[in-house]
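# Examining the three-dimensional arrangement
Single-letter residue listing:
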Amino acid sequence: MNNKKDLASAMNTIRHRTSLTQLLTHPLQAAMPALMPQAPAAQPRKLPAALVERLLEQEGQRGLRHLDLPCATFNAPQPAAHRAATFSYPLHIDRASIDALPAACGVYILRGVDDEALYVGRSVNLRSRVLAHLHSHEEQYLIGRTRRIECRRTAGELGAALLENCLLHDLRPSHNKKPRTRRGLFTLRLSPAGQPWVAQVDERHFSRAENLFGIYTSERAAREALNKLVERHGLCSIVTGLEQADGIGMACFGRQIRRCRGACTGEESHEQHQHRLMQALEDLRILPWPYAGPMGLVEQGDGWQQLHVIDHWRYLGSLDRDHRQLIRRPAASLKGFDLESYKLVIQPYLLGQLELRPLPGLPLAQS
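Here the structure is a predicted model, which is why all the values come from computation and not from measurement. Note that residues are indexed from 1 along each chain, following the sequence as it is written. Per-residue local features of the predicted model are confined to residues with pLDDT of at least 70, and side-chain atom pairs are confined, for both listing and counting, to 80 or more; whole-chain, interface and lining totals are unaffected and use all residues. Hydrogens and waters are ignored; side-chain quantities use all the structure's heavy atoms.

## Describing the overall build of the protein chain
Convention followed: For helices the rule is a DSSP run of H or I covering at least 4 residues; for strands it is a run of E covering at least 2, with both sets numbered from the N terminus onward. Three exposure classes are used, based on accessible area relative to the maximum for each residue type with a 1.4 Å probe and protein chains only: buried under 20%, partly exposed in between, and exposed over 50%. In what follows, a contact means two residues having at least one pair of non-hydrogen atoms within 4.5 Å. Computed with the Shrake-Rupley method and a 1.4 Å probe, the accessible areas treat only the protein chains shown as cover for residues.
Helices and strands together make up the secondary structure of the protein chain, namely 13 helices and ten strands. Within the span of the protein chain, comprising 367 residues, buried residues form 38% of the whole. Put simply, 59% of the contacts in the protein chain that link residues at least 6 apart link residues at least 24 apart. Accessible area for the protein chain stands at about 23,200 Å²; split by element, carbon and sulfur atoms hold 52% of it.

## Concerning the side chain of histidine 273
By the element assignment, histidine 273 lies in helix H12 (residues 270-282). With residues near it in sequence (within four places) discarded, histidine 273 still touches Leu235, Cys236, Val239, Thr240, Ala263 and Glu268.

## Regarding the nonpolar core
Condition: Grouping buried Ala, Val, Leu, Ile, Met, Phe, Trp, Tyr and Cys residues that are joined through side-chain atoms within 4.5 Å yields what is termed a nonpolar core.
Judged by nonpolar contacts, the single largest core of 30 residues is most densely connected at Phe206, Ile215, Trp313, Phe337 and Tyr342. Broken down by secondary-structure element, the contributors of at least two residues to this core are strand E1 (106-111), strand E2 (117-123), helix H9 (157-171), strand E7 (295-301) and helix H13 (339-350). It is H9 that provides the largest number of residues to this core, a total of six residues. Discounting chain neighbours no more than four positions away, the residues touching phenylalanine 206 are Leu185, Phe186, Thr187, Val201, Leu212, Gly214, Ile215, Ile286 and Phe337.

## Focus on the packing of H9 against H13
This is how it is decided: Axes here mean lines fitted to C-alpha atoms, for a helix over just the part in contact, with angles spanning 0 to 180 degrees between N-to-C directions. If an angle is under 35 degrees, it is roughly parallel; if it is over 145, roughly antiparallel; if it lies from 65 to 115, roughly perpendicular; otherwise it is oblique. Under this grouping Gly is polar, as are all residues other than the nonpolar Ala, Val, Leu, Ile, Met, Phe, Trp, Tyr, Cys and Pro and the charged Asp, Glu, Lys and Arg.
Where H9 contacts H13, the two axes come as close as 10 Å, and the packing angle between them is 175°. With respect to their mutual orientation, H9 and H13 come out roughly antiparallel. Listed contacts from H13 to Leu158, Ala161, Leu162, Asn165 and His169 of H9 are Glu340, Ser341, Leu344 and Val345. Residues belonging to the contact of H9 with H13 are distributed by class as follows: five nonpolar, three polar and one charged.

## A closer look at the sheet that holds strand E3 (residues 148-153)
Short version of the rule: Being paired, for any two strands, means DSSP has found at least two bridges between them.
If you trace the three strands from one edge of the open sheet to the other, you get E2-E1-E3, paired in antiparallel fashion. Every interior strand has two partners, whereas the edge strands, E2 and E3, have only one. Each adjacent strand pair in this sheet contributes to an overall mean axis angle of 20°, direction not counted. Packing of H9 onto the sheet brings it into contact with E1, E2 and E3, and relative to E2 it is tilted by some 170°.

## Points about the sheet that holds strand E10 (residues 355-358)
Within the open sheet, the four strands sit side by side as E9-E8-E7-E10. Their pairing is antiparallel. Of all the strands in the sheet, the pair left with one neighbour each is strand E9 (314-319) and E10. Pairwise comparison of adjacent strand axes, ignoring direction, gives a mean angle of 35° for this sheet. Bridge count between strand E8 (residues 304-311) and E9: five bridges; the pairing is antiparallel.

## Notes on the pattern of salt bridges
Spelled out, the test is: Take a side-chain nitrogen of Lys or Arg and a carboxyl oxygen of Asp or Glu: if they are within 4 Å of each other, that pair is a salt bridge.
What the rule picks out here adds up to 17 salt bridges. Ionic pairing is found between arginine 255 and glutamate 267, a salt bridge with its closest N-O pair at 2.6 Å. Placement of the pair is arginine 255 in helix H11 (residues 253-256) and glutamate 267 in the loop between H11 and H12, with a sequence separation of twelve residues. Owing to a relative accessible area of 52%, glutamate 267 belongs among the exposed residues under this scheme. Shared partners join several salt bridges into a network, and the residues in it are Arg111, Asp115, Arg148, Glu150 and Arg152.

## Observations regarding the layout of surface pockets
To be explicit about the condition: In this analysis the probe radius is 1.4 Å and the grid spacing 1 Å, with only protein atoms considered; a cavity is a set of points the probe fits into but cannot get out of, a pocket is an open set with protein on both sides within 12 Å along at least five of seven lines, and lining residues have an atom within 4 Å of a point. Grid points are joined across faces, edges and corners, and a volume is the space filled by probe spheres set on the points.
In this model, the second largest pocket occupies a volume close to 480 Å³. The set of elements that each furnish at least two residues to the lining of the second largest pocket consists of E3, H9, E8 and E9. Per element, the largest residue contribution to the lining of the second largest pocket is six residues, and it comes from H9. Residue classes in the lining of the second largest pocket are distributed as ten nonpolar, seven polar and eight charged.

## Focus on H12
Because an α-helix completes one turn every 3.6 residues, residues spaced three or four positions apart along the sequence face the same direction. Quick reminder of the rule: To estimate the expected span of a helix, subtract one from its residue number and multiply by 1.5 Å. In this description, one arc is meant: the one made by directions from the helix axis to the C-beta atoms.
The end-to-end C-alpha distance of H12 is 18 Å, a good match for the 18 Å that 13 residues give at a rise of 1.5 Å each. Burial in H12 covers these residues: His273, Gln274, Arg276, Leu277, Ala280 and Leu281. With its buried residues spanning 165° around the axis, H12 presents them on a single face. Each element contacted by the buried residues of H12 is listed here: strand E4 (185-190), strand E5 (196-201), strand E6 (213-216) and helix H10 (219-232).

Here it is, written out as structure tokens:
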């Protein structure tokens, strides 16, 4: 090496770079390893099994943060005992309402000042779900406003979903997503000539009227659904009234691109086309309430049974060993057609998965 440039190039190798890094960061250990031996790696401290069990039993109690607990590493989650001992519950929330949370299915309500309903949610494990709220940094504003946590157990997930929808309508909690204000409900009906058309129907009639197909919150959504139905099943847009014919026997646009089977040109009979149209609409048919009065939907879980009272597809409340009478709901919540309850109940009903019992003597829902 004749000059400084060659020396620098030779030193800029991986081996020499590593050596230089060690020399700069640990000069004494690198230069004099015999004089400065490295200390043995510290072994992680382990808590006695009895102490870990006691910490888990005393989960959340104050006064345990001063214990010398092992710190979690960056490569592993914190131990459950460490999380339980170091987590401090918000002092502004009624501690008894937190301790009363069961590890079971149901609905919870976060209530604020003057018992205002702030948030309504459901879970198959109420305790785990609410504690997740308390741990979440993204929900600190909501938790900061919470003063009490109310929970209502249900026998199963269907009951929890029905109760949650009921409370969202009755309480109007400020931190839940606000439902869109709908001006009415639309559906598909058949004209005397057998053509499907979009119609707005009084919500009170949805659970009673025959030959309604699909429920839509806007006229535009109903028209889009009809267009997709015609396209998906190869129906004729002229025969269904979506397209005006230029003359007798003229092919519709769908026939020109070989999507229509030719009902417009006479290649498919009107009877065959009408049969296929009714088959396509059948999947969208709104089933009228088939009973003379309210029915009890039986749900069992965790060793107890509930009867969810349904009338005209509307959830009225639940009866069980602790609640022998229905809680009166606000009159505004009982108006119109309860689309959410219908969606929750109709599929398991059509599949024969529900056990229903008549409830003689129970008053009908007022709509």
